[in-house]
Every structure is written in structure tokens, then in C-alpha cells.
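Read off the chains here:
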Amino acid sequence: FSSFSMRLVSPLLFGIASSPSNISPSLSRPISRAVFITMAAAASSGPSAIAATMEIDSEYPGTAVERMNNARARAKSLTTELNGDWEDARRSVLWAGGLKDLPTASPGAGYTGHSFNDWNHCDLTTMLSEEAMNENRGQVDGIAYGNQLGNGIKVASETELGPGGSWSTCLRGCNREPP
């Protein structure tokens, strides 16, 4: 696992400390702008009401913040797993981000063989489940207009990190504001 790879993976994927000078500082910022939203779910009223809180990032409200924080904790726990064979290190990074290693799945059906394995898919995002079905719709040049990843995100995402899903995303366009 090269130091160049760690500079990309650390700040973008997990928001850890330093950031290369060519990466926007907003991409490695801590989630300090997050707010708490309380949602009440009650079958009728009274003691049967259940209150749940979900942390929402006010700048990027589609982020699965709990999942992202758990991924960051997993990433920080990696030590010797990042030394040695690349495929083993890559599987550790996938695990930290909440993705399964599915190198033989079809694209769009959970395929993660590209994740952290090429020049472009060197980032990972955590998203709320309802965001997984979004498509590019021309927002990022060079990415398929109707890139249908939702079902693949659901298949490839481990559930242990919290609600939502994870996906290995493209660095293409990350130098723009907004990314």
C-alpha cells in the first residue's frame, strides 16, 4: 500500500488528518456541520411511540453519517493489514469502508473488483439507502448518464456499519467545487 494511495484513501475515504494540496479541503473536513434530526415513529400515541435520532450532514444530507463514522473507526484500526500483498490490503480497505469483496459479480450487481484497483475508483462514500438509486444524469463528465448502481450498492454493502450503503466512487470531478 503506497504512501500515495494512503494520501488518497485516508482523507477522501475516511476524513483522516492530512490532505494532499490538490484535493479540496472540504473533502477531508470532519463532519462538524452535522445536525441531529429527531423522527418520531408511533403506531398511535403514548408509551408505544419510538423516537430515533439520525445524524444528518447539513452540507451533504445524503451521507450515511453513522456508517461513515464507523468506517472511519475501522480504517483507523487497520495496522499491519495494509502491509504486504496488495489484494489483501485492498480487501482490508473494502472491509473498513463496509464493502464486500465481490470480484466476480457483474457490474451493477455488486461488482467491487474495480474498487481501489484502478486510477479512478480510489474513494469510497457512505450514503443513505434512498440515495443509492440516484443516477449521474450528466453531472460528472465521463460517467455514464444513467449509471444504475443501486442494486449493486445494496448487494455489496455490509450491514454491520449502520444504515445505508457504501460504494467505491470515481475521483473524476473531485477537483471541482462542488465535487
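Residues numbered from 1 in each chain as written. Predicted model: local features only at pLDDT ≥ 70, side-chain atom pairs only at ≥ 80, totals over all residues. Heavy atoms only, no water.

Before going further, it helps to spend a moment on the environment of glutamate 131. When you line up the elements, glutamate 131 lands in the loop between β3 (123-127) and α4 (150-156). Distance from glutamate 131 to glycine 150, taken between C-alpha atoms, is 8.2 Å for residues 19 residues apart in sequence. (Helix = DSSP H or I, 4+ residues; strand = E, 2+ residues; numbered from the N terminus.)

Within soluble globular proteins, side chains that are nonpolar tend to cluster in buried spots. Counting residues in hydrophobic clusters, the biggest one holds 14 residues, and the most contacted among them are Leu99, Phe116, Met127, Ile153 and Trp167. Counting only elements with at least two residues in this core, the list comes to α3 (86-97), β3 and α4. (Core = buried A, V, L, I, M, F, W, Y, C linked by side-chain atoms within 4.5 Å. Buried < 20%, exposed > 50% of the residue type's maximum accessible area, 1.4 Å probe, protein only.)

Let us look at the pattern of salt bridges. As enumerated under the stated definition, the model contains 6 salt bridges in all. Two residues, arginine 90 and glutamate 87, come together in a salt bridge whose shortest N-O distance is 3.2 Å. Here arginine 90 and its partner glutamate 87 are both found in helix α3, 3 residues apart, which amounts to about one turn of the helix. Note that arginine 91 and aspartate 101 form a salt bridge whose closest N and O atoms lie 3.6 Å from each other. With arginine 91 in helix α3 and aspartate 101 in the loop between α3 and β3, this pair connects stretches of sequence that are 10 residues apart. Among the residues examined, arginine 91 registers a relative accessible area of 36% and is labelled partly exposed. Residues participating in the shared-partner salt-bridge network are Glu87, Asp88, Arg90, Arg91 and Asp101. (Salt bridge = Lys/Arg side-chain N within 4 Å of Asp/Glu carboxyl O.)

Turning next to the pairing of β3. Looking down a regular strand, the side chains alternate between one sheet face and the other. A large share of β3 lies buried, amounting to 4 of its 5 residues. Pairing geometry for β3 and strand β4 (residues 165-169), over 5 bridges, is antiparallel. Within β4, the residue paired with aspartate 123 across the bridge is threonine 169. (Pairing = 2+ DSSP bridges.)

Interhelical geometry of helix α2 (residues 65-77) versus α3 gives an angle of 150° and a closest axis separation of 7 Å. The angle between the axes of α2 and α3 places the two elements in the roughly antiparallel class. Contact residues: α2 offers Ala71, Arg74, Ala75 and Ser77, while α3 offers Trp95, Ala96 and Gly97. The class makeup of the residues in the contact of α2 with α3 is 4 nonpolar, 2 polar and 1 charged. (Axes fitted to C-alpha atoms, helices over the stretch in contact; angles between N-to-C directions. Parallel < 35°, antiparallel > 145°, perpendicular 65-115°, else oblique. Contact = heavy atoms within 4.5 Å. Nonpolar A, V, L, I, M, F, W, Y, C, P; charged D, E, K, R; others polar.)

Moving on, we come to the side chain of aspartate 57. With respect to the secondary-structure elements, aspartate 57 resides in strand β2 (residues 50-57). On the accessibility criterion, aspartate 57 (1% relative accessible area) is buried. One polar contact links the side chain of aspartate 57 to the main-chain amide nitrogen of glutamate 59, over a distance of 2.7 Å. (Polar contact = N/O pair within 3.5 Å; in protein donor to acceptor, adjacent residues only side chain to side chain.)

The next thing to look at is unusual backbone geometry. Positive phi is not limited to glycine here, since phenylalanine 116 has a value of about 60°. In this fold, phenylalanine 116 is placed in the loop between α3 and β3. Overall, the relative accessible area of 5% leaves phenylalanine 116 in the buried class.

To continue, consider the environment of alanine 96. Its place among the elements puts alanine 96 in helix α3. With relative accessibility at 0%, the residue alanine 96 sits in the buried group. For the pair alanine 96 and lysine 76, spaced 20 residues apart in sequence, the C-alpha separation works out to 8.7 Å.

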